[in-house]
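# Structural characterization, general
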Amino acid sequence: MNETTTTTNLPEDPTTTMNVNNNDIVNNPPSIEGERESISTTSPPSLVDETATNSSLSSSNITISSLLNNDIDGTEGVREEYVQKAKDFEELLEEVTKMILDYYYACGRPTETTVCGGDGSVPSPEQILEELGPMKREAGTNEECLDDLRLCFRRSLKTMHPFFLDKLYFGTDPIGQIAELVVAVLNSNTHVYHVSPVFSTMEIEVVRQFGNVFFPSATDIDGTLNPGGSMSNMMALLLARNEHFPHVKKRGWNMEQDRPVAFTAAQSHYSISSAAMISGMGTERMIQIPCDRKTYQTMDPDALEKSIQNEIAKGNKPFFVNSVAGSTVLGTFDDFRKIGQICRKYNLWYHVDACWGGYLVFSSSSDKLFDGLSEYVDSVSFNPHKGLGVPQQCSMLLVQNKKDAFIE
């Protein structure tokens with residue numbers, strides 16, 4: 001588990017940093033309403049270094065074109081290579097914007113266009129490599145770069161197309177697309193606060209807001225954003241392992257004494273078995289619980305309890321149960337209340353993989369689907385790129401009432 005994603009480093013002074021638990025900030029956020037109000041009535045804070053705040057670059061009349069044409073004082077003090085970078089960016093952005101708009105319009109004509117580019121078929125790797133041509137050791141020109149980008153649009157599937165129905169995601173919305181561009185330009189890393197204060201703060205606030213949706217009555221909410229649901233599910237298993245077998249973090253497993261076992265629905269995502277392998281306990285100790293065909297392949301709670309009892313009788317130590325909110329194939333929702341009561345009875349960490357179906361929590365008619373989740377579930381994984389129009393990959397792991405679970 002990448003522990004740098006679960007703590008935030010706030011600078012005390014230019015030479016020292018202080019480790020701050022996300023948990024404390026999530027549940028006791030600093031009061032910023034007054035600051036927001038003052039910002040809305042005064043000029044916004046400068047986004048450039050304080051040493052440059054008196055520069056004419058802060059003028060709202062400056063454009064990239066004016067900088068390049070040297071027709072105002074805005075270029076004074078700007079290094080030549082940065083002016084050239086700005087010129088390259090403007091040229092590339094102008095052409096790429098045309099490609100993006102063409103892509104939008106093609107997706108918006110579903111009766112005239114295909115999901116696949118070109119002749120409507122998925123190209124082979126050989127075809128793509130042939131069209132790309134040989135790679136060069138020397139730097140390419142902007143036009144050569146644009147040619148490759150045109151190939152990307154021409155040969156890629158149109159995920160925004162109304163007939164793109166093969167996978168569990170869809171095209172993104174304009175806000176997400178522009179945000180991706182801004183993130184790429186800023187190139188921040190949220191491993192420590194003082195490198196990325198804005199995005200670190202955003203992550204904490206997003207975790208708090210989404211946590212309140214899934215766990216409205218929780219007294220303590222923590223979590224982290226992750227690059228994919230597989231990592232979120234893996235982290236959930238590791239958190240459960242660390243809670244039930246804290247010595248493993250430093251000394252590793254002692255299988256003769258620890259004898260860990262975990263349980264998951266037979267319809268669960270393959271990442272759960274992968275997590276068992278990565279955790280070191282092995283895939284054979286992640287026990288598959290049969291699903292009931294009468295309830296569209298939901299986990300059978302009675303079979304779960306019997307399996308738990310059997311493992312205890314063998315001398316094994318159950319510690320983790322995973323069920324699903326939107327199974328990968330059929331989209332089924334398990335009975336969180338019944339499974340949660342069993343987990344509570346045997347003191348097991350209860351995780352729900354809601355990577356696909358989690359976005360339905362925002363539906364006013366989804367109460368029955370999520371019944372018991374906020375009351376019994378310890379952690380939830382959720383992918384905003386499935387159903388919320390957020391660019392891939394975007395996942396989150398949310399945990400309730402497990403103070404300091406990420407750092408202990």
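Above this text is the structure in question.
Below is a summary of the structure that appears in this document.

Thresholds, definitions, all that
- Residues numbered from 1 in each chain as written.
- Predicted model: local features only at pLDDT ≥ 70, side-chain atom pairs only at ≥ 80, totals over all residues.
- Heavy atoms only, no water.
- Helix = DSSP H or I, 4+ residues; strand = E, 2+ residues; numbered from the N terminus.
- Buried < 20%, exposed > 50% of the residue type's maximum accessible area, 1.4 Å probe, protein only.
- Contact = heavy atoms within 4.5 Å.
- Areas by Shrake-Rupley, 256 points an atom, 1.4 Å probe, with all protein chains shown as cover.
- Axes fitted to C-alpha atoms, helices over the stretch in contact; angles between N-to-C directions.
- Parallel < 35°, antiparallel > 145°, perpendicular 65-115°, else oblique.
- Left-handed = near helix turned anticlockwise from the far one by under 90°.
- Nonpolar A, V, L, I, M, F, W, Y, C, P; charged D, E, K, R; others polar.
- 1 Å grid on protein atoms, 1.4 Å probe; cavity = no way out; pocket = protein on both sides within 12 Å on 5 of 7 lines; lining within 4 Å.
- Points joined across faces, edges and corners; volume = space filled by probe spheres on them.
- Salt bridge = Lys/Arg side-chain N within 4 Å of Asp/Glu carboxyl O.
- Core = buried A, V, L, I, M, F, W, Y, C linked by side-chain atoms within 4.5 Å.
- Phe/Tyr/Trp six-rings, centres within 6.5 Å; stacked < 30°, edge-to-face > 60°.

### Brief notes about the overall build of the protein chain
On a plain count of helices and strands, the protein chain comes out with 15 helices and 11 strands. Looking at the protein chain residue by residue over its 408 residues, the buried ones come to 37%. Within the protein chain, counting contacts between residues at least 6 apart in sequence, those at least 24 apart form 68% of the total. Accessible surface for the protein chain amounts to roughly 23700 Å². Of this, 54% is attributable to carbon and sulfur atoms.

### Considerations on the environment of R154
Structurally, the position occupied by R154 is in helix α6 (residues 142-155). What makes R154 partly exposed here is its relative accessible area of 41%. Sequence separation between R154 and Y103 is 51 residues, and the spatial gap between their C-alpha atoms is 9.0 Å.

### A word on the packing of helix α4 (residues 80-107) against helix α7 (residues 174-186)
Their axes nearest at 14 Å, the elements α4 and α7 cross at an angle of 155 degrees. Accordingly, the angle class assigned to the pair α4 and α7 is roughly antiparallel. Of the two possible hands of crossing, α4 and α7 adopt the one that is right-handed. Contacts between α4 and α7 pair F89, L93 and Y104 from the former with P174, Q177, L181 and V185 from the latter. Grouping the constituent residues of the contact of α4 with α7 by class yields 6 nonpolar, 1 polar and no charged.

### Considering the environment of F263
With respect to the element layout, F263 can be found in strand β4 (residues 260-265). Judged by relative accessible area, F263 falls into the buried class, the value being 0%. Expressed as a C-alpha distance, the spacing of F263 and V321, which sit 58 residues apart in the sequence, is 4.7 Å. Once residues within four sequence positions are removed from consideration, F263 is found in contact with M286, I287, I289, L304, S307, I308, E311, P318, F320, V321 and N322.

### Points about the layout of surface pockets
Empty space within the largest pocket amounts to approximately 1200 Å³. The wall of the largest pocket is formed by 36 residues, among which E180, V183, F199, L225 and C394 lie closest to the centre. Those elements that place two or more of their residues in the lining of the largest pocket are α7, α8 (197-214), β3 (221-226) and β11 (395-400). Among the elements that take part in the lining of the largest pocket, α7 stands out by supplying 7 residues, more than any other. Taken together, the residues of the lining of the largest pocket break down into 19 nonpolar, 14 polar and 3 charged.

### Section: the pattern of salt bridges
Summed over the entire model, instances satisfying the criterion amount to 14 salt bridges. Across the pair E375 and R337 runs a salt bridge, and its minimum N-O distance is 2.9 Å. One end of the pair, E375, is in helix α15 (residues 373-376); the other, R337, is in helix α14 (residues 336-346), and 38 residues separate them in sequence. The exposure class of E375 is partly exposed, given its relative accessible area of 43%. For D378, the salt bridge is made with K402, and the minimal N-O distance between the two is 3.9 Å. With D378 in the loop between α15 and β10 (379-382) and K402 in the segment after β11, this pair connects stretches of sequence that are 24 residues apart.

### Section: the nonpolar core
The nonpolar side chains of a soluble globular protein tend to be buried, and buried together. Judged by nonpolar contacts, the single largest core of 35 residues is most densely connected at F214, L304, V321, V352 and L373. Elements with a contribution of two residues or more to this core: α8, β4, β5 (286-289), α13 (301-313), α14, β9 (349-353), β10 and β11. It is α14 that contributes the most residues to this core, 4 residues altogether. Once residues lying within four places of it in the same chain are set aside, the contact partners of L304 are F263, I289, M299, V321, I339 and I342. In this structure, A240, F245, F319 and F406 belong to the second largest nonpolar core, which totals 22 residues.

### A look at the packing of aromatic side chains
Within this structure, the stated rule accounts for 9 aromatic pairs. Between F245 and F319, the ring centres sit 5.4 Å apart and the planes meet at 85 degrees, which makes this aromatic pair edge-to-face. With a gap of 74 residues between them, F245 in the loop between α9 (229-244) and α10 (248-251) and F319 in strand β8 (residues 317-324) connect regions that are remote in the sequence. For F319, a relative accessible area of 1% puts it in the buried group. For the pair F319 and F320, a centre-to-centre distance of 6.3 Å together with 40 degrees between the ring planes defines the contact as tilted.

### Some details on unusual backbone geometry
Of note, the amide linkage connecting Q392 to Q393 takes the cis form, showing an omega dihedral of -15 degrees. With respect to the secondary-structure elements, Q393 resides in the loop between β10 and β11. Its identity is not glycine, yet R259 carries a phi of approximately 50 degrees, on the positive side. The exposure class assigned to R259 is partly exposed, which follows from its relative accessible area of 28%. For N347, which is not a glycine, the phi torsion comes out positive at approximately 55 degrees. With respect to the helices, strands and loops of the structure, N347 is situated in the loop between α14 and β9. Relative accessible area serves as the criterion here: at 56%, N347 is assigned to the exposed category.

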